[in-house]
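Residue-level listing of the chains:
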Amino acid sequence: MKDPIIAERVETEHSKIWKQCLEFIKSNVPALTYNTWFLPIKPIELENSTLKIKVPNNFFIEWIDEHYNTLINRTINQILGTEGQLVYIVDDDGGPVLDNEPGLFDEPQKVSKPEVKTQNNNDEPEFESYLNPRYKFENFIKGEGNQLARAAAYAIADNPGETSFNPFFIYGGVGLGKTHLIQAIGNKIMEKHPGKKVIYLSSEHFTVQFVDAIQNNTANEFSSFYKNMDALIIDDIQFLVGKEKTQDYFFHIFNTLHQSGKQIILSSDKPPKDLKGLNERLISRFQWGLAADVQPPDFETRIAILKNKAKSFGIELENEILEYIAVNITSNIRELEGCLIKLLASSSLSSKEIDLSLAKKTVKEISTTRQINISIEYITKIVCEHFGVEENKVREKNRKQEVVNSRQIAMYLSKQLTRSSLKTIGLHFGGRDHSTVIHAFNSVENMISSDIKLKDTIDSLKNKIELGVA
Ligand code: ADP
Ligand code: MG
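Residues numbered from 1 in each chain as written. Chains lettered and ligands numbered in written order. Predicted model: local features only at pLDDT ≥ 70, side-chain atom pairs only at ≥ 80, totals over all residues. Heavy atoms only, no water.

Visitor: With reference to specific residues and values, describe the overall build of the chain.
Guide: The helix and strand inventory of the chain stands at 20 helices and nine strands. Per-residue burial over the chain gives 50% buried out of 470 residues. Of all intrachain contacts in the chain linking residues separated by at least 6 positions in sequence, the fraction that spans at least 24 positions is 74%. If you sum the accessible surface of the chain, you get close to 22,700 Å²; carbon and sulfur atoms cover 49% of it. (Helix = DSSP H or I, 4+ residues; strand = E, 2+ residues; numbered from the N terminus. Buried < 20%, exposed > 50% of the residue type's maximum accessible area, 1.4 Å probe, protein only. Contact = heavy atoms within 4.5 Å. Areas by Shrake-Rupley, 256 points an atom, 1.4 Å probe, with all protein chains shown as cover.)

In structure tokens, the structure reads:
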């Protein structure tokens, strides 16, 4: 619907600029994403190279920042130049008042070059801790399924390296809060002990860094860097399986840290003893401290998580709705959150109240995507859509760069998000053999390590695939 007054008005500088931004964005995201997240944004003013835009609510800012940060930066760079900045203003009469976590949205959000987060501690040599400040104890809900892990995590954060929980090994299925909890420990250590050096990374990231170090003849520096940490947090350690040399170096780093009373924190999808293919001496060390599991949340915890998350978006949901979601989405907290986000999105766009029928519709959509999202076809579809490549091209012998990239990324995500064997994955991409898949996996890992923007893109594709949120 066109607003006649707006249509008639002489086009102002800021709307011209925003229009250009939208064009750029439009050509880089699927139509649904564009319509959902970017169309509702209105430009307000342009001052020097700072463009102020109005968004319907804080939830939009959070969502866009989390999923389209890279794109936004690229757009601003492209249209307004390197000096360009974007300032979000929340539309006050456009929705519920939001009381978010303190500090997060106190100020209009400025997006210029957020890139990497640096340690917020001026006395120490700067290095990237890779911790996401959003993962805190304060927003981690206690439940039966995470009781032990959470209690241990608190103890460790108070006295890193000094409890008997060293290493602290947390394991369990996807979306149950492992990453949240281990990062919360890291954030708390940095807050309570500002001098301590804390680093968080996934085992894949660690591997890629290691491979780079080997190639650049800096393996010793690599080792000493990590041996110098006060707390080393490695996520998804199961991906070290089969990487003998990385395991070797990790083993020595582990020993040095452990001997000098430094804290080691690890997560995995299974308990240490089930990490087949991991060096026995590592497995035995993983059992030295505490191995604690996280289980799917019970009903009350699911309700509490939903309530808390809703509150952080500034809304309150009726019990009937909370219960409907909690009864129907049971196995995974990420999905629970995804459902809430989807619900908020549909409601804020259609300006409809969140009611039971909207909740039912959303739960149904989530359940359907859950079934299809396991398939390699679905992954391929989402990846191709994102890069604007025809799906059948990635299955043919096409060597065009964008096709090769999409194919490799789709293979990479298929390996990460499905249980399919390398052989099966190869078969889905025009009968390629398993070594091609390995090659694809490694090159994507390599690219990610040197290209944070690509990593962002891949993370958001992953989210999209897992949640079915475009
Ligand atoms: P995992 O690493 O086990 O796959 P994550 O830590 O990524 O799971 O959790 C998935 C999502 O669910 C994250 O957004 C996280 O903040 C949220 N989450 C998980 N557990 C809890 C909890 N106990 N309380 C609040 N949020 C949680
Ligand atoms: Mg995780």
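Visitor: Tell me about unusual backbone geometry, and please be specific about residues and values.
Guide: Going from Asn166 to Pro167, the amide bond is cis rather than trans, its omega being 5°. Relative to the elements of secondary structure, Pro167 occurs in the loop between helix H5 (147-158) and strand S5 (168-171). Not every positive phi belongs to a glycine, and Asn48 is a case in point at roughly 50°. Tracing the backbone shows Asn48 in the loop between strand S1 (42-47) and strand S2 (50-55).

Visitor: Describe the side chain of Arg285, with residues and values.
Guide: Within the secondary structure, Arg285 sits in helix H10 (residues 280-286). For the buried Arg285, no salt bridge exists, and the shortest N-O distance to an oppositely charged side chain is 9.8 Å, to Glu280. Once residues within four sequence positions are removed from consideration, Arg285 is found in contact with Pro167, Phe251, Phe254 and Asn255. (Lys, Arg positive; Asp, Glu negative; His and termini not counted. Salt bridge = Lys/Arg side-chain N within 4 Å of Asp/Glu carboxyl O.)

Visitor: Describe the packing of aromatic side chains, with residues and values.
Guide: Counted under the stated rule, the structure contains 17 aromatic pairs. Ring centres of Phe169 and Tyr171 lie 6.4 Å apart, and the angle between their planes is 50°; this geometry places the pair in the tilted category. Here Phe210 and Phe222 contribute two aromatic rings whose centre-to-centre distance is 5.5 Å and whose plane-to-plane angle is 55°, an arrangement assigned as tilted. Of this pair, Phe210 sits in helix H7 (residues 203-215) while Phe222 sits in helix H8 (residues 219-227), and the two are twelve residues apart along the sequence. Across the pair, Phe222 and Phe210 agree in class, each one buried. The ring centre of Phe251 lies 3.7 Å from the NZ or CZ of Arg281, which sits over that ring. A cation sits over an aromatic face here: Lys415 above Phe441, 4.7 Å from the ring centre. (Phe/Tyr/Trp six-rings, centres within 6.5 Å; stacked < 30°, edge-to-face > 60°. Lys NZ or Arg CZ within 6 Å of the ring centre and 35° of its normal.)

Visitor: I'd like a description of the environment of Ser49, backed by residues and values.
Guide: Mapped onto the elements, Ser49 comes out in the loop between S1 and S2. Sequence separation of Ser49 and Thr82 is 33 residues, and the distance between their C-alpha atoms is 9.1 Å. Each residue touching Ser49, except ones within four places of it in the same chain, is listed here: Leu80, Glu83, Gly84 and Gln85.

Visitor: I'd like to hear about the pairing of strand S9 (residues 290-293), residue by residue, with values.
Guide: On a regular strand, each side chain points to the face opposite its neighbour's, so the side chains alternate between the two faces of the sheet. Alternating residues of S9 divide into Leu290 and Ala292, all buried, and Ala291 and Asp293, none buried. Pairing of S5 with S9, which is carried by four bridges, proceeds in the parallel orientation. Bridged to Tyr171 within S9 is Asp293. (Pairing = 2+ DSSP bridges.)

Visitor: Talk me through the packing of helix H17 (residues 401-417) against helix H19 (residues 434-450); I want residue IDs and the actual numbers.
Guide: The packing of two helices is summarised by the inter-axis angle and the distance between the axes. Here H17 crosses H19 at 100°, and the two axes come no closer than 8 Å. On the basis of the axis angle, H17 is roughly perpendicular to H19. For the pair formed by H17 and H19, the contact residues are Gln408, Ile409, Met411, Tyr412, Lys415 and Gln416 on the first element and Thr436, Val437, His439, Ala440, Phe441, Ser443, Val444, Glu445, Met447 and Ile448 on the second. Taken together, the residues of the contact of H17 with H19 sort by class into nine nonpolar, five polar and two charged. (Axes fitted to C-alpha atoms, helices over the stretch in contact; angles between N-to-C directions. Parallel < 35°, antiparallel > 145°, perpendicular 65-115°, else oblique. Nonpolar A, V, L, I, M, F, W, Y, C, P; charged D, E, K, R; others polar.)

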